[in-house]
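# Survey of secondary and tertiary structure
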Amino acid sequence: MKKTVTHLADGRELIYFDTHDGAGRDAVDRRPLEPVVSASEIRHDPLLGEHVAIASHRQGRTYHPPADACPLCPSTTGRHSEIPAHDYEVVVFENRFPSLSGANGRCEVVCFTSDHQASFADLSEERAALVLDAWTDRTAELSARDGVEQVYCFENRGAEIGVTLAHPHGQIYAFPFATPRTATMLRNAAAHRARTGRNLFEDRLEEERKGERVVLAGEHWTAFVPYAARWPYEVHLYPHRRVADLTALGPDARAEFPRMYRELLRRFDRIFGTDEPPTPYIAAWHQAPATHADRDEFALHLELFTVRRASGKLKYLAGTESGMGAFMNDVSPESAADRLREVKSA
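Here's a quick rundown of the structure. Worth saying up front: this structure is predicted, and the values here are computed from it rather than measured.

Before going further, it helps to examine the overall build of the protein. Each helix and strand in the protein was counted, giving six helices and 15 strands. Taking the principal axes of its C-alpha atoms as reference, the protein extends roughly 60 × 50 × 45 Å. Within the protein, contacts between residues separated by at least 24 positions form 63% of all contacts whose residues are at least 6 apart in sequence. By element, 50% of the accessible surface of the protein is carried by carbon and sulfur atoms, the whole surface being about 16200 Å². Side-chain charges of the protein comprise 42 positive and 51 negative groups, with the mean position of each set lying 2 Å from the other.

Below, the structure written as structure tokens:
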């Protein structure tokens, strides 16, 4: 992998990731941009013990531009985008409209391909491996920064999810705190260790691997619908050897991941039949907080889920879910796993 670090016209960092050393990355951003001014603020909710980011400057961010004005496509003669190069493999750059900034963290955009019409499932195994390299590189660098507690790599796909740019891309958030979901998992892992002397994540993975909800099993990864799935179609992907974050993945697990993950995404696109639009989804990497005392109890894993519950129907968060955080799932995890096995690649 070749990594080339440069800057955009307003000073934001941009990083090219290329498969081979020969790629030239000397294109200059010639747009007349003013420096980015963001005023994100972190506030603490004492009742829930959780943090909330206030980022009012994001109201003016780019919203569903036409394809010929996409800011994530490569620049062309006469039209300059966020990526100065005329082509690229994988690019990471600082978000112009960040939810977290300065002492309150950092937000980055990850472009998986220069092809506006593609999706992650369309990537070659080599390109998917390069994205994994980029995620890993950013996890290592951002985790080492002062004030960063947790690095979160994720992809939102589809307008139903709330995506405002159609180009295949994801994001990376460097949080100045451990996110509520992660903090809860760590508390439960600590209680499980105190009660049993074992690791909670390892015990759950062992139990799921023996059950009826396994969707895809490899030599180094297993994908399964969890016993208490919250979303209509939800899959968790775990490496068999427990590690805290992406930087600790071994070479065998890294090599197998592109095939496993692309197959999962292709199955998601076939759940509801070929006449349906591409399945909207969120793909979320769960990693241990950088400085947490119990980070070694955590298990890196990816959670993939869709808000589509049936053909032409979405799963909206109802009053119990939005108001109280108590989820109700209309699709049994067992039937969801059956369906995801049915739609495997030929």
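Picking up after the structure, the text goes on.
Here we come to the pairing of strand β13 (residues 301–306). Counting buried residues along β13, six of its six residues qualify, which places the element largely inside the surrounding structure. Pairing analysis gives five bridges linking strand β11 (residues 233–239) to β13, with the strands arranged antiparallel. For Tyr-233, the partnering residue across the bridge sits in β13 and is Thr-306. As defined by bridge partners, strand β12 (residues 281–286) adjoins β13 across five bridges and the pair is classed as antiparallel. Counted as the bridge partner of Ala-283 is Leu-304 from β13.

What follows deals with the environment of Glu-155. Note on placement: Glu-155 falls in strand β7 (residues 150–157). Residue classification places Glu-155 among the buried residues on the basis of a relative accessible area of 4%. Here the alpha-carbon distance between Glu-155 and Ala-283, two residues 128 residues apart in the chain, equals 5.1 Å. Excluding its chain neighbours within four sequence positions, the residues that come into contact with Glu-155 are Phe-112, Phe-120, His-169, Gly-170, Tyr-261, Tyr-281, Ile-282 and Ala-283. Here the side chain of Glu-155 touches Tyr-281 through a polar contact of 2.9 Å, side chain to side chain.

Next up on the list: helix α6 (residues 333–342). Within α6, burial applies to Pro-333, Ala-336, Ala-337 and Leu-340. Looking straight down α6, one finds that the buried residues subtend no more than 100 degrees of arc, so they occupy a single side. In this structure, the buried side of α6 is in contact with β9 (214–217), β11 and α4 (251–270).

Moving on, we get to the sheet that holds β13. Taken in spatial order, the 11 strands of this open sheet run β1-β2-β5-β6-β8-β7-β12-β13-β11-β10-β9, and their pairing is antiparallel. At either margin of the open sheet sits one strand with a lone partner, and together these are β1 (2–7) and β9. Geometrically, the sheet is characterised by an average inter-axis angle of 20 degrees between neighbouring strands, direction not taken into account. Where β9 meets strand β10 (residues 221–224), three bridges bridge the pair, whose relative direction is antiparallel. Following the sheet pairing, Val-214 is matched in β10 by Phe-224.

What follows covers the side chain of Thr-182. Tracing the chain through its elements places Thr-182 in helix α2 (residues 180–196). A relative accessible area of 1% places Thr-182 in the buried class. For Thr-182, the side chain forms a polar contact with the side chain of Thr-179, separated by 3.0 Å. Residue contacts for Thr-182: discarding those within four places in its chain leaves Gln-150, Gln-287, Pro-289 and Phe-298.

Another point: the environment of Glu-149. For Glu-149, the position within the fold is in the loop between α1 (125–143) and β7. Those residues in contact with Glu-149 that lie beyond four places of it in its chain are Phe-175, Pro-176, Phe-177, Ala-178, Pro-289, Ala-290, Thr-291 and His-292. A polar side-chain atom of Glu-149 sits 2.4 Å from a polar atom in the side chain of Thr-291.

Taken as a whole and judged by the stated rule, the model has 20 aromatic pairs. Here Tyr-173 and Phe-175 contribute two aromatic rings whose centre-to-centre distance is 5.8 Å and whose plane-to-plane angle is 55 degrees, an arrangement assigned as tilted. Its relative accessible area of 12% is what places Tyr-173 among the buried residues. Chaining the aromatic ring pairs together yields one cluster made of Phe-112, Phe-120, Trp-135, Trp-221, Phe-257, Tyr-261 and Trp-285. In this structure, Arg-230 packs its charged tip against the face of Phe-327, placed 5.8 Å from the ring centre.

Under the defined criterion, the tally for this structure stands at 36 salt bridges. For Arg-96, the salt bridge goes to Asp-10, with nearest N and O atoms at 2.4 Å. Residue Arg-96 is found in the loop between β5 (90–94) and β6 (106–111), and its partner Asp-10 is found in the loop between β1 and β2 (13–18); the two are separated by 86 residues along the sequence.

Further remarks concern the packing of α1 against α4. Relative to each other, α1 and α4 sit at 115 degrees, their axes nearing to 9 Å. At the point where α1 passes α4, the crossing takes the right-handed sense. From α1, Glu-125, Ala-128, Ala-129, Leu-132, Asp-133, Trp-135 and Thr-136 reach across to α4, where they touch Arg-254, Phe-257, Pro-258, Arg-259, Tyr-261 and Arg-262.

Calculation notes
- Residues numbered from 1 in each chain as written.
- Predicted model: local features only at pLDDT ≥ 70, side-chain atom pairs only at ≥ 80, totals over all residues.
- Heavy atoms only, no water.
- Helix = DSSP H or I, 4+ residues; strand = E, 2+ residues; numbered from the N terminus.
- Contact = heavy atoms within 4.5 Å.
- Areas by Shrake-Rupley, 256 points an atom, 1.4 Å probe, with all protein chains shown as cover.
- Lys, Arg positive; Asp, Glu negative; His and termini not counted.
- Charge placed at Lys NZ, Arg CZ, Asp CG, Glu CD.
- Buried < 20%, exposed > 50% of the residue type's maximum accessible area, 1.4 Å probe, protein only.
- Pairing = 2+ DSSP bridges.
- Polar contact = N/O pair within 3.5 Å; in protein donor to acceptor, adjacent residues only side chain to side chain.
- Arc of directions from axis to C-beta.
- Axes fitted to C-alpha atoms, helices over the stretch in contact; angles between N-to-C directions.
- Phe/Tyr/Trp six-rings, centres within 6.5 Å; stacked < 30°, edge-to-face > 60°.
- Lys NZ or Arg CZ within 6 Å of the ring centre and 35° of its normal.
- Salt bridge = Lys/Arg side-chain N within 4 Å of Asp/Glu carboxyl O.
- Left-handed = near helix turned anticlockwise from the far one by under 90°.

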